[in-house]
Amino acid sequence: MDVGQMQKRLLDYMNSLLKEGILDSQFAQLQQLQDESNPDFVAEVVNLFFTDSENLINDLSNALGQQNVDFKKVDSCVHQLKGSSASIGAQRLKNTCISFRKFCDEQNLQACLMCLQEMQQEYLLLRSKLDVLLQVEKQIVAAGGSIPIMEF
Amino acid sequence: MSLVHVLGFGLKVGHLIWMICWWFVSVISMNWFGNGGIMDPKMSLLGGKDPIGWWERVLGRISLIHHHCSQYVGSKRVSNTWWRKLLYTWLVGSTICSMWTFFYMSSQAAEKRKETLTSMCDERARMLQDQFNVSMNHVQAISILISTFHHGKNPSVIDQRTFARYAERTAFERPLTSGVAYAVRVLHSEREQFEKQHGWTIKRMDTIEQKPVHKDDYEPENLEPSPIQEEYAPVIFAQDTVSHVVSLDMLSGKEDRENVLRARASGKGVLTAPFRLLKTNRLGVILTFAVYKMDLPANATPNERIRATAGYIGGVFHIQSLVEKLLQQLASKQNIVVTVLDTTNQSYPISMYGSSSNASDDSLEDVSMLNFGDPFRKHEMHCRYKERAPWPVLEIATSSGIIVIAFLMGYIFHATMNRIAKVEDDCREMSRLKKEAEAADVAKSQFLATVSHEIRTPMNGVLGMLDILMDTDLDVTQQDYVRTAQASGKALVSLINEVLDQAKIESGKLELEAVQFDLRAILDDVLSLFSGKSQEKGVELAVYISDRVPDKLIGDPGRFRQIITNLMGNSIKFTEKGHIFVTVYLVEEVRDSSDVETISSPRNTLSGFPVPERRLSWSKFRGFSQEGPPCPSLSSFSHPVNLIVSVEDTGEGIPLEAHPRIFTPFVQVGPSISRTHGGTGIGLSISKCLVGLMNGEIGFVSEPRVGSTFTFTAVFDNGCSSSGDYGDPQINSQSNPSTLEFHGMTALLVDPRPVRAKVSRYHIQRLGIHVEVVPDLNHSLSSVTNCKTTKIDMIIVEEEVWDKNSGSSALFVNQLSDQGVAPKLFILTNSISSSRTGNRSSGKIQGCPAVITKPLRSSMIAASLQRAMGFRNRAITRNGEISRLALRSLLRGRKILVVDDNDVNLKVAAGALKKYGADVLCVNSGIKAISLLKPPHHFDACFMDIQMPVMDGFEATKRIRAAEQSFNSESQHGDGHGEAQGRAKNWHLPVLAMTADVIHATHEQCLRYGMDGYVSKPFEAEQLYREVSRFFASETNWTL
């Protein structure tokens, strides 16, 4: 596969992610932040996000599994996750967080658990998509091409 | 005359009502305040004994009543019952009052009637008594005559004939007596001698009395002789009227005997009880005087008197005729019935005159005592009115009048109170409705805001997608569709923004920023925004800002720009030819020299089209009429700058009938306008609100088919005055690096129209170029050739001049090229679509002048000049690029601390800031941030997340500010802090909040905790630039 094709594929892929609502314009901005001085910026941020999110999701499932659920703690975790997902532009995950927080306010454990499940699914989906994306990007960089940036 | 009468009557009635009112008020107040003291209403009505004191009391009570009113009116229920009570009191009181008036007046009338009767009765009695006394005196005189001439002379000189004649002739002296007679005292022993002497026997009278005979039958000879008595009193002399009594023995008559005995015992006139007289048989009394033989002393005893008695004189009084005679003399005798009674015997009064039967049954009777000089007899005169007392019409009328008036007043009062109650109810209802409406309005505003906000988010998606779509491979039709969709979307977004603004303004949530901005740059921006449209239409667009307007102002540039954009947008919408001209002056400038640009002779405008008198548009401004600052709230500015901005166009103008509602939201001049020109009609309303927020006023003048001029004033703070670095704005503008290269050059401007020349000069001067203005090409040539001292670098010719005579223009070019170093030639043209544009597009071709397209703005001129004069060409990039570049220039080398508990966020923010060249340090908690941010600061700025565990952004900022404050005050007190001293007197690290949700309340909270601003969390270059530039730009003051 030559670079041009790969770039086209990446763009298409990103567009599809956008269309599905998994990512939003923030991700493009993130990509714009990556330049010569900081060539692995996106990958760094995304990986950071992954570790961060996994920790948070673990914390969440722990917190929700306890007898007396500390909703305050749950809320702060979700808030964190919401902030980071907003930062990388993971739109659907962010939306899940928003609804999660709503249920958290209501102290609705059942709904929270549902949300957690949904969140885990969303996270896994996002992770797989982003992994592919990063892989393609890496390939492009390895092939000597520049990463195309989505325009908004 | 009748009118005068009516008026007089009206006055009287009014006075009466007034009196009644006062009186009633006093009565009411008496009823109302039990402790108010007792006051005689009668007295008060009639004026009282102490009128002044009374009035004072009344007034005092009235004020008390008023006081109570104001106390009670507060609650409806209380006031309702209160006035009802008052009304009933009033009605009862007025009824009582009218009844009292009635009784009072009728008693007055009765009293008067009685007084009249008494006086009439007394008068009659007195007259009767007088007349009687006169008669009695005369009878006494006759007795003296008898004693003198009958008994004193011997023989007697009086005989019956003499006496009769005398009595007859003196009868007028005794108007009440019908006759007098004299009886002599004859003892039994002397009877025979006496009878002999007179030739008749003494006859007795009682038989006649017992069986009274008819007058005609009266025959003295038939009388029986008197029986033997101890003594006799035969009548010897008698007046002719009573001659039948001669020879009758007076002592034999019962009444006469009594009389005679009493008369001689008392020596005074004595009256009989009334009895039927002899012969006439009429009712009469007889007055008897005793005649004595000798003069007796006044204190003689009765026995002495009896012994000295010689005879008796008697007068007959016909009471009936007597009284009638008397009453005839008095005019009003028919009004009253007079009865005279002898009441010597109290139980059986004997009527002497009149009878009680024919008198009215009116109980009103007056009794007058009569004294006829006989202490033994008592007489009374009883007087009565013949008719009953007349109906008390006046009293009835007055009292019924009072009651009618009172009830009318009560009715009026009732109606008034009802009306007041109704109005109160209405008012309450209205205020309730008003509250509802306000609530609905607030709800509407909130709804609008929410909905607008919600629409904006998906719209951004739509627009973004359209943008992406534009970049894909599309055929021409598809591109057209997309472009149309994009344009519509943008229009929709701007409309939503406007609606949002309106909603914000209505709910009072709109607040103005106070940041430093460059007015000229903003106007240049706005101008470039409209340049495309104006060029399309061939409308000349120009901006002129007075030199006295400071370069940097502090205010809300966005909102200012919005106003200008609104006004210019309207102007450009409605202008097909001519010009749109924006001018900015200081208010003082316009006020002080009224002729600044205001004299608008038709030729002296920018494009030569007539414009309406601009001054009229601000004629209603308060700020002009009064001295000093137009608004008291200006004190919040340290150096207020009052700007007056006019947007003048030569469009179709506003129809006169639409003038009043021009600033009403959602109202357009006509329904067809929105179809023709689009828009919501909300722009001017928003502008007006914004101007109001800027402490300014907005006004306009418009003439249909001539043009409109909108003028507004706004107050800003002077951004330059705080530091002395900025003096002349002219010099300041040169600091712009892009214009430095032109500094010191001289340009020749060829323009015959002063207004336009002024605008062009203003723009060129902003580049630091010295400008001379000449009216035509010939002048310019001469100045180029003659003026060798100052080298002219460029000649800028107005298109109009150039086109006027192409021959002379060509000649001019040739002549110009003859010069050694020919100045560059530029043409100011209005529209790019001009046919000549093609062959003039490059100024590099010698002789063919370069074109500068209007609207003029300094950057545009600079670019054109640079291009033409071969300076290095600066790429003018898109707006976003500019801000991105500017951001880079601002942030390069800055040390920035980013605080966020979320590592991802931290990384992203740091990445974004690093991209712009900033030196970023990240920490992940507020506590760490505080430890790093201790004055003196090593950082230039701090971006702080708000929501963090342990210590949130607000708290951290608060602590940082506290530390700064204590440090600042320390460094101010302790003078020797060395290096820190010179660098900054006041440490204030810019702290920007980073927040995901940009709610208004959060903004306020940010400011309250000492933060300088906020950026939404996924950074946007535009917003970041705006916020950062605010303080970094102001910081340059000391960095430079």
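Above this text you will find the structure in question.
Note that the structure is predicted; figures quoted are calculated from it, not measured. (Residues numbered from 1 in each chain as written. Chains lettered and ligands numbered in written order. Predicted model: local features only at pLDDT ≥ 70, side-chain atom pairs only at ≥ 80, totals over all residues. Heavy atoms only, no water.)

1. Quick word on the overall build of chain B
The helix and strand tally for chain B stands at 32 helices and 29 strands. Across chain B, contacts joining residues at least 24 apart in sequence account for 73% of those joining residues at least 6 apart. In the structure as shown, chain B presents an accessible area of about 52600 Å², 57% of it carried by carbon and sulfur atoms. (Helix = DSSP H or I, 4+ residues; strand = E, 2+ residues; numbered from the N terminus. Contact = heavy atoms within 4.5 Å. Areas by Shrake-Rupley, 256 points an atom, 1.4 Å probe, with all protein chains shown as cover.)

2. Details of the interface of chain B and chain A
Contacts between the two partners involve 19 residues from chain B, matched on the other side by 23 residues from chain A. Approximately 2000 Å² of surface area, both sides summed, lies buried where chain B meets chain A, with 57% of it carried by carbon and sulfur atoms. Applying the counting rule to chain B against chain A returns 0 salt bridges. Put simply, the parts of the chain that give the side of chain B that touches chain A at least two residues each are helix 11 (393-471) and helix 27 (903-915) of chain B. (Buried area = accessible area lost by both parts, 1.4 Å probe. Salt bridge = Lys/Arg side-chain N within 4 Å of Asp/Glu carboxyl O.)

3. Brief notes about the nonpolar core
One recurring pattern in soluble globular proteins is that nonpolar side chains are buried together. Residue and element names in this part refer to chain B. Of all hydrophobic cores here, the largest spans 70 residues; its most connected members are Leu 128, Phe 163, Tyr 182, Met 250, Ile 313, Val 340 and Met 381. Per-element accounting of this core gives the leading share, 11 residues, to helix 4 (residues 76-151). Counting 59 residues, the second-largest nonpolar core is a separate cluster that includes Val 543, Val 549, Val 647 and Phe 700. (Core = buried A, V, L, I, M, F, W, Y, C linked by side-chain atoms within 4.5 Å. Buried < 20%, exposed > 50% of the residue type's maximum accessible area, 1.4 Å probe, protein only.)

4. A closer look at the environment of B:Ala421
Residues and elements named next belong to chain B. The residue Ala 421 is located in helix 11 in this model. Judged by relative accessible area, which is 18%, Ala 421 ranks as buried. In the structure, Ala 421 is positioned 341 residues away from Asn 80 in sequence and 7.9 Å away in space, judged by C-alpha atoms.

5. Comments concerning the pattern of salt bridges
All names here are of chain B. Counting across every chain of the model gives 21 salt bridges over all chains. Across the pair Asp 524 and Arg 766 runs a salt bridge, and its minimum N-O distance is 2.9 Å. Separated by 242 residues along the polypeptide, Asp 524 in helix 13 (residues 519-537) and Arg 766 in helix 20 (residues 754-766) bring together distant segments of the chain. Judged by its relative accessible area of 11%, Arg 766 falls in the buried class. Arg 756 is the partner of Asp 751 in a salt bridge, and the nearest nitrogen-oxygen pair spans 3.0 Å.

6. Brief notes about the sheet that holds strand 12 (residues 379-385) of chain B
All names here are of chain B. What the 4 strands build is an open sheet, ordered 10-9-12-11; its pairing is antiparallel. Edge positions in the open sheet fall to strand 10 (350-353) and strand 11 (365-370), since each of these has one partner strand only. Going across the sheet, the axis of each strand differs from the next one's by a mean of 30 degrees, ignoring polarity. With 3 bridges connecting them, strand 9 (residues 336-342) and strand 10 associate as antiparallel partners. The residue bridging Val 340 from the neighbouring strand is Tyr 353, located in strand 10. Packed on one face of the sheet, helix 10 (residues 319-329) meets strand 9 and strand 10 and runs near 50 degrees to strand 10. (Pairing = 2+ DSSP bridges. Axes fitted to C-alpha atoms, helices over the stretch in contact; angles between N-to-C directions.)

7. Considerations on helix 27 of chain B
All names here are of chain B. The terminal C-alpha atoms of helix 27, which comprises 13 residues, lie 18 Å apart, in line with the 18 Å expected from a rise of 1.5 Å per residue. Burial analysis of helix 27 places 10 of its 13 residues in the buried class, the great majority of the element. Of all the residues in helix 27, the buried ones are Val 904, Asn 905, Leu 906, Val 908, Ala 909, Ala 910, Gly 911, Ala 912, Leu 913 and Lys 915. (Expected span 1.5 Å × (residues − 1).)

8. Side note on the pairing of strand 11 of chain B
Residues and elements named next belong to chain B. Burial along strand 11 is one-sided: Asp 366, Ser 368 and Leu 370 are buried, and none of Glu 365, Val 367 and Met 369, which face the opposite way, are. Pairing between strand 11 and strand 12: 6 bridges, direction antiparallel. Within the sheet, the bridge partner assigned to Val 367 lies in strand 12 and is His 382.

9. Some words on the environment of B:Ser119
All names here are of chain B. Inspection of the secondary structure assignment puts Ser 119 in helix 4. For Ser 119 and Asp 366, which are 247 residues apart along the polypeptide, the C-alpha to C-alpha distance reads 9.3 Å. A polar contact of 2.8 Å, which involves the side chain of Ser 119, links it to the backbone oxygen of Thr 116. (Polar contact = N/O pair within 3.5 Å; in protein donor to acceptor, adjacent residues only side chain to side chain.)

10. What to know about unusual backbone geometry
Notably, A:Gln107 is not glycine yet its phi reads approximately 60 degrees, a positive angle. Here A:Gln107 is to be found in the loop between helix 5 (91-106) and helix 6 (109-142). Its identity as a non-glycine residue notwithstanding, B:Asn695 has a phi of 65 degrees, on the positive side. Here B:Asn695 lies in the loop between helix 18 (683-693) and strand 18 (698-703).

11. A few points about the state of the cysteines
Enumeration according to the criterion identifies 1 disulfide over all chains in this entry. Between the sulfur of B:Cys121 and that of B:Cys383 lies a disulfide, 2.2 Å long from S to S. Because the sign of the S-S torsion sets the handedness, a value of about 80 degrees for the bond joining B:Cys121 and B:Cys383 places this disulfide among the right-handed ones. One end of the pair, B:Cys121, is in helix 4; the other, B:Cys383, is in strand 12, and 262 residues separate them in sequence. Neither residue differs from the other here; B:Cys121 and B:Cys383 are each classed as buried. Not part of a disulfide, A:Cys115 finds its nearest cysteine sulfur in A:Cys112, a span of 6.5 Å. Judged by relative accessible area, A:Cys115 falls into the buried class, the value being 3%. (Disulfide = S-S within 2.5 Å.)

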